[in-house]
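An overview of the molecular structure
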Amino acid sequence: MKLQKNSRKEKLILLLSVFLLLISIGIWLMWLYIFQTNPAATQLEKIKRFHLFLPHFLDSNSRLSILVLVLSVVSLLLVVKNNKQQVGWMKLCHIIIIVFCALLLALQLFSMM
């Protein structure tokens, strides 16, 4: 019974980390979509359109960047914490999430410079 509880807990943590990572990736994909669909618009118009899709408390670019960083770091920490005991397909999922988190963190940090 204990093994089943741990397995359920580990799957829940994996799903939570995937969800947090998908939020971060979704923000980046929305950013790319807005900029690709309006090639003639100015930078300011593109940013205003991008912020129309977000809640009011994420109006500044720095808050949005910090949110993406925090979500990626939390997702990475959740996966790394549970990666030690995993085998098989769960370990592969953890490695893929670690790679995506690392790439997203690098992308976000370089975009903040």
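Let me sum up the structure you'll find in this document. (Residues numbered from 1 in each chain as written. Predicted model: local features only at pLDDT ≥ 70, side-chain atom pairs only at ≥ 80, totals over all residues. Heavy atoms only, no water.)

Remarks on a nonpolar patch on the surface
Here is the rule we go by: Patch membership needs two things, relative accessible area over 30% and no salt bridge, and members are linked within 9 Å if like-charged or within 5 Å if nonpolar (Val, Leu, Ile, Met, Phe, Trp, Tyr). Values of accessible area rely on a 1.4 Å probe in the Shrake-Rupley scheme; residue burial ignores everything except the protein chains shown. Definition used for salt bridges: Asp or Glu carboxyl oxygen within 4 Å of a side-chain nitrogen of Lys or Arg. Every helix listed is a DSSP run of H or I at least four residues long, and every strand listed is a run of E at least two residues long, numbered separately from the N terminus. To sort residues, take the accessible area from a 1.4 Å probe on protein chains only and compare it with the maximum for the residue type: under 20% means buried, over 50% means exposed, and anything in between is partly exposed.
A contiguous nonpolar surface patch, about 420 Å² in accessible area, is contributed by Ile66, Val70, Val74, Leu109 and Met112. Looking at the nonpolar patch, the elements that each hand over two or more residues are α3 (61-82) and α4 (89-112). Examining the composition of the nonpolar patch, we find that three residues originate from one element, α3, more than from any other. Relative to the assigned elements, Val70 resides in helix α3. Val70 sits in the partly exposed class, given a relative accessible area of 44%.

Focus on the state of the cysteines
Definition in use: Count a disulfide wherever a pair of cysteine sulfur atoms falls within 2.5 Å.
Inspection of the entire model under this criterion finds zero disulfides. The thiol of Cys93 is not disulfide-bonded; the next cysteine sulfur, from Cys101, is found 13 Å away. Residue classification places Cys93 among the partly exposed positions, given a relative accessible area of 26%.

Concerning the environment of Arg49
Rules: Whether two residues are in contact is decided by their heavy atoms, any of which lying within 4.5 Å being enough.
Its location among the elements puts Arg49 in helix α2 (residues 43-52). Arg49 sits in the partly exposed class, given a relative accessible area of 32%. Along the backbone, Arg49 and Phe35 are 14 residues apart, and their C-alpha atoms lie at a distance of 9.4 Å. Arg49 has contacts with Ile34, Thr37 and Asn38, leaving out every residue within four places of it along the chain.

Topic: α3
Rules: A helix is expected to span 1.5 Å for every residue after the first.
With 22 residues, α3 ought to run about 32 Å at 1.5 Å a step, and its terminal C-alpha atoms sit 32 Å apart, in line with that. All of the buried residues along α3 are Leu64, Ser65, Val68, Leu69, Leu71, Ser72, Ser75, Val79 and Asn82.

What about the packing of α3 against α4?
Using the following cut-off: To get an axis, fit a line to the C-alpha atoms, keeping to the stretch in contact for a helix; angles then go from 0 to 180 degrees between the N-to-C directions. Angular relationships are summarised with four words: roughly parallel below 35 degrees, roughly antiparallel beyond 145, roughly perpendicular across 65 to 115, and oblique for the angles in between. Each helix crossing is assigned a hand: it is left-handed if the near helix lies turned anticlockwise from the far helix by less than a right angle, otherwise right-handed if that turn is clockwise. Throughout, the ten residues Ala, Val, Leu, Ile, Met, Phe, Trp, Tyr, Cys and Pro are labelled nonpolar, Asp, Glu, Lys and Arg are labelled charged, and all others, Gly among them, are labelled polar.
As a packed pair, α3 and α4 sit with axes 9 Å apart at the nearest point and diverge in direction by 155 degrees. In terms of orientation, α3 lies roughly antiparallel with respect to α4. Classified by chirality, the crossing of α4 by α3 is left-handed. Contacts between α3 and α4 involve Ser65, Val68, Leu69, Ser72, Val73, Ser75, Leu76, Val79, Val80 and Asn82 from the first element and His94, Ile97, Ile98, Cys101, Leu104, Leu105, Gln108, Leu109 and Met112 from the second. Looking at side-chain class alone, the contact of α3 with α4 contains 13 nonpolar, six polar and no charged residues.

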